[in-house]
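# Summary of the model geometry
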Number of protein chains: 2
Amino acid sequence: MIEIPARKGKAARVRRGQRVKVINSKGQQVVDTWAFNAEDLGEFMSMEHSRIAIGHIIPAVGDALVTNRRRPILTLVEDTSGGIHDTLFAACDRWRYELLGCTEYHDNCTDNLWAALGELGVAPQETPAPLNLFMNIPVIDGNRVEIRPPVSTPGSHVTLRAEMDCILAFSACPQDMVPINGLAMRPTEAQFELLD
Amino acid sequence: MIEIPARKGKAARVRRGQRVKVINSKGQQVVDTWAFNAEDLGEFMSMEHSRIAIGHIIPAVGDALVTNRRRPILTLVEDTSGGIHDTLFAACDRWRYELLGCTEYHDNCTDNLWAALGELGVAPQETPAPLNLFMNIPVIDGNRVEIRPPVSTPGSHVTLRAEMDCILAFSACPQDMVPINGLAMRPTEAQFELLD
């Protein structure tokens, strides 16, 4: 069991066919998730390509998320979290927190992605839009988007199967200025486990 | 008046404060649209950041689309097209047409972006998700997405105001295998005009 520390990121290499169980340990923690082709970091899981491939905006069990070259990279094979995830919003970044009024550095998912990959000795070529596991952004009346607390419960999880050798990166979202990680606005750790 | 040839792209430099009128000459032609900071092509209009900024998925008059650094770059100031545009789908690319069964090269918006910028002597660092003007991708029941013909009429237009010096790129989408450019599936030209 590998910890994604509260407010921080963690990455891991995953072989094709391996499954990755992502556990929402405390229940209302958003986990920004990225996947890169291990052989070519210029190919990565892409939300704007995946929405076309799966025909809806929220991935469900059985859906294969695809890369910017439209090849399956991760399939959602299990979900006990209530099935609410987000593909619409960018990862938080320094500019997000500056706009919210932060005058000092605030941890953010974008920096966490780059730091987590840096720990593996690699760097992405860009910051793709993440798969925001457990994040609750309903589309109301086909247009309006709202930020709501996750519906996931403590210990619930999703399992993703790698469809190619890849590098996965996770960030336990440090957002504590809007209730995206629960009304208490207290970001927590999460965990993941690699399964053969 | 500058033509965006059928199935092809066209780019232009635009100064802060200038307006760009994008005209759907024949009425049902999708125009993929990108905007890059003229001083730094690593900063560009981002759909995943803009959805957060504007609070809905379809830009409306008055909305400022923002960059991946969350700064306004284009404001939608006028729209006679029926107000239906898309921010959810990636630009078409060679892989999209291969999946649809193409065995030979098919014009595509991604290559059109790179070629159009190439004509100006610049290259982007990545292919951002485009603002798909006039493209009709409804989100049904908060989740399902469908490909539908545009609702725009011949000669209708949108006007965008540049909020920074930028390079705009347009592609008259060459998609002729699904009815995204109308049920006739015959891509046409479009036009744009720079206004001071």
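Everything below is about the structure printed above this text.
The paragraphs below set out a description of the structure included in this document. Predicted model only: the values in this text are computed from it and were never measured.

Rules and cut-offs
- Residues numbered from 1 in each chain as written.
- Chains lettered and ligands numbered in written order.
- Predicted model: local features only at pLDDT ≥ 70, side-chain atom pairs only at ≥ 80, totals over all residues.
- Heavy atoms only, no water.
- Contact = heavy atoms within 4.5 Å.
- Buried area = accessible area lost by both parts, 1.4 Å probe.
- Salt bridge = Lys/Arg side-chain N within 4 Å of Asp/Glu carboxyl O.
- Polar contact = N/O pair within 3.5 Å; in protein donor to acceptor, adjacent residues only side chain to side chain.
- Helix = DSSP H or I, 4+ residues; strand = E, 2+ residues; numbered from the N terminus.
- Nonpolar A, V, L, I, M, F, W, Y, C, P; charged D, E, K, R; others polar.
- Buried < 20%, exposed > 50% of the residue type's maximum accessible area, 1.4 Å probe, protein only.
- Least-squares fit on C-alpha atoms with pLDDT ≥ 70 in both.

## A word on the interface of chain B and chain A
Size of an interface: often given as the accessible area lost when the parts come together. Taken together, the contacts link 28 residues of chain B with 28 residues of chain A. Buried area between chain B and chain A, summed over both chains or domains, comes out near 2600 Å², and the portion from carbon and sulfur atoms is 57%. If you look at where chain B meets chain A, you find 2 salt bridges. Viewed at the interface, chain A and chain B are joined by 16 residue pairs in polar contact (both at pLDDT 80 or more). Only helix 1 (47-54), helix 2 (94-99) and strand 10 (144-145) of chain B provide two or more residues apiece to the side of chain B that touches chain A. Broken down by class, the residue content of the side of chain B that touches chain A amounts to 13 nonpolar, 7 polar and 8 charged.

## Considering the pattern of salt bridges
Considering all chains together, one arrives at 28 salt bridges over all chains under this definition. Across the pair Asp196 of chain A and Arg15 of chain A runs a salt bridge whose closest N-O atoms are separated by 3.0 Å. Taken as a pair, Asp196 of chain A in the segment after strand 13 (190-195) and Arg15 of chain A in the loop between strand 2 (9-14) and strand 3 (19-24) lie far apart in primary sequence, 181 residues in all. Close ionic contact of Arg69 of chain B with Asp40 of chain B constitutes a salt bridge, the shortest N to O distance being 2.8 Å. One end of the pair, Arg69 of chain B, is in the loop between strand 6 (64-66) and strand 7 (72-79); the other, Asp40 of chain B, is in strand 5 (residues 40-44), and 29 residues separate them in sequence. Judged by relative accessible area, which is 25%, Arg69 of chain B ranks as partly exposed. One salt-bridge network, held together by shared partners, links Arg7, Lys8, Asp107 and Asp176 of chain A.

## Observations regarding the relation of the copies chain B and chain A
When chain B is fitted to chain A, the residual RMSD is 0.0 Å, and the transformation amounts to a turn of 180° plus an axial shift of 0.0 Å. The transformation just described matches what one would write down for a two-fold rotation axis. Of the C-alpha atoms belonging to chain B, the one lying closest to the rotation axis is found on Gly142 of chain B, 3.0 Å away. Most of the interface of chain B is mirrored in chain A, where 100% of its interface residues again form contacts.

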